[in-house]
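Structural characterization, general
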Amino acid sequence: MSERAPATSARTRRQRSYRLTGIVLHRRDQGEADRLITLLTPNQGRVTLIAKGARKITSRKAGHLELFTHVRVQVAQARTWHIITQAETLHNYPRLRASLPRMAHAYYMAELLLHFAPEGEADTPLFDLALETLAYLNGSDNLLLVSRWFEAHLLRITGFQPQLYVCTGCRAPLSLDVTNYWVPVEGGVQCPRCGEAKRHAMPLPPRLLKLMRYLQVHTLAEARTLPVIPETWRELEAYVQGYLRVILERDIHALAFIRRLRQEKGKGGREGKGIGQ
Ligand SMILES: [Zn+2]
């Protein structure tokens, strides 16, 4: 049985090749010399493509396809993985690349996006969120704020936003004068009466509930002006992790890495000096 003859007109060839811009979220080796590259794109969500020969030292494409690079690629359609034929860097975030704590937070962002980003479906807000987060992980010294802000907006954009205004048990409005309870398995916050006896419920002081509400509706530029100490961002981290663990049904590997770096810094390590991590 012969296959249909390949179309040869210039027009068809053009259709078989297309351009994409995206952020490199993940890379994995394929075969002897190739690499699979997962991009987050505005128009097609999460897309995995193959970069042939990308592991050869002579590859010109490879340098443009580093993790967390904002790239423009030319892609040729193929039967299995579509093939990256050209790559061009739009931003490569040099400060991020030079700092282990910044990279750790970028890994954290990428791990969450790999889970939450739709495959093959447009999601411009999610792409814009990722781009803004990378710019701040590159430029800001308050990495803790950037990651907390990213989580809040990731959950909002993907429809997993926790309920922070009414009790998810009895639907009564939540008071900011009492300690409520954080109950991830029930989708957010509960009043003292509903939440107190729940297994795995964490008491949620009003100052943290206020902070969660603030992050949900403010830009990162606004949130940067908050007088919040690093310790508070780390406290909040534990609450959000509990919530993400319920959604993902597993731990986030990059968080263990962030915490290890933090411990080393605590022991007097030089890495990340001056950076709130
Ligand atoms: Zn209640």
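Residues numbered from 1 in each chain as written. Predicted model: local features only at pLDDT ≥ 70, side-chain atom pairs only at ≥ 80, totals over all residues.

Before going further, it helps to examine the overall build of the protein chain. For the protein chain, the count of helices and strands is 10 helices and 8 strands. Its C-alpha atoms give the protein chain principal-axis dimensions of roughly 70 × 45 × 30 Å. Here the protein chain, with 277 residues, has 34% of them falling under the buried criterion. Excluding contacts between residues fewer than 6 apart, the proportion of contacts in the protein chain whose partners are at least 24 apart in sequence is 57%. (Helix = DSSP H or I, 4+ residues; strand = E, 2+ residues; numbered from the N terminus. Buried ≥ 20, exposed ≤ 12 C-beta atoms within 10 Å, placed from the backbone. Contact = placed C-beta atoms within 7 Å.)

To continue, consider the packing of helix α4 (residues 124-139) against helix α5 (residues 143-157). For any two helices packed against each other, one specifies the crossing angle of their axes together with the interaxial distance. The geometry of α4 relative to α5 is characterised by a closest axis approach of 10 Å and an angle of 180 degrees between their N-to-C directions. Considered as vectors, α4 and α5 are oriented roughly antiparallel to each other. Only Leu143, Val146, Phe150, His153, Leu154 and Ile157 of α5 make contact with α4, whose side of the interface consists of Pro125, Leu126, Leu129, Thr133, Tyr136 and Leu137. (Axes fitted to C-alpha atoms, helices over the stretch in contact; angles between N-to-C directions. Parallel < 35°, antiparallel > 145°, perpendicular 65-115°, else oblique.)

It is worth spelling out helix α7 (residues 206-217) at this point. Structural remark: α-helix, 3.6 residues per turn; residues separated by three or four positions point the same way. Counted at 1.5 Å a residue, the expected span for α7 with its 12 residues is 16 Å, and the 17 Å between its end C-alpha atoms agrees. Taken together, the buried positions of α7 are Leu209, Leu211, Met212 and Leu215. One side of α7 carries all its buried residues, which in axial view fall inside an arc of 160 degrees. Among the exposed residues of α7, those pointing more than 90 degrees away from its buried face are Arg207, Lys210 and Val217. Of the surrounding secondary structure, the elements contacted by the buried residues of α7 are α5, β6 (180-183), β7 (188-190), β8 (202-204), α8 (220-223) and α9 (230-248). (Expected span 1.5 Å × (residues − 1). Arc of directions from axis to C-beta.)

The next thing to look at is the environment of Tyr108. Take Tyr108: it is sitting in helix α3 (residues 100-116). Its 23 C-beta neighbours within 10 Å are what place Tyr108 among the buried residues. In this structure the C-alpha to C-alpha distance between Tyr108 and Ala254, which are 146 residues apart in sequence, comes to 4.8 Å. Residues within four places of Tyr108 in sequence aside, it is in contact with Ser147, Ile252, Ala254, Leu255 and Ile258.

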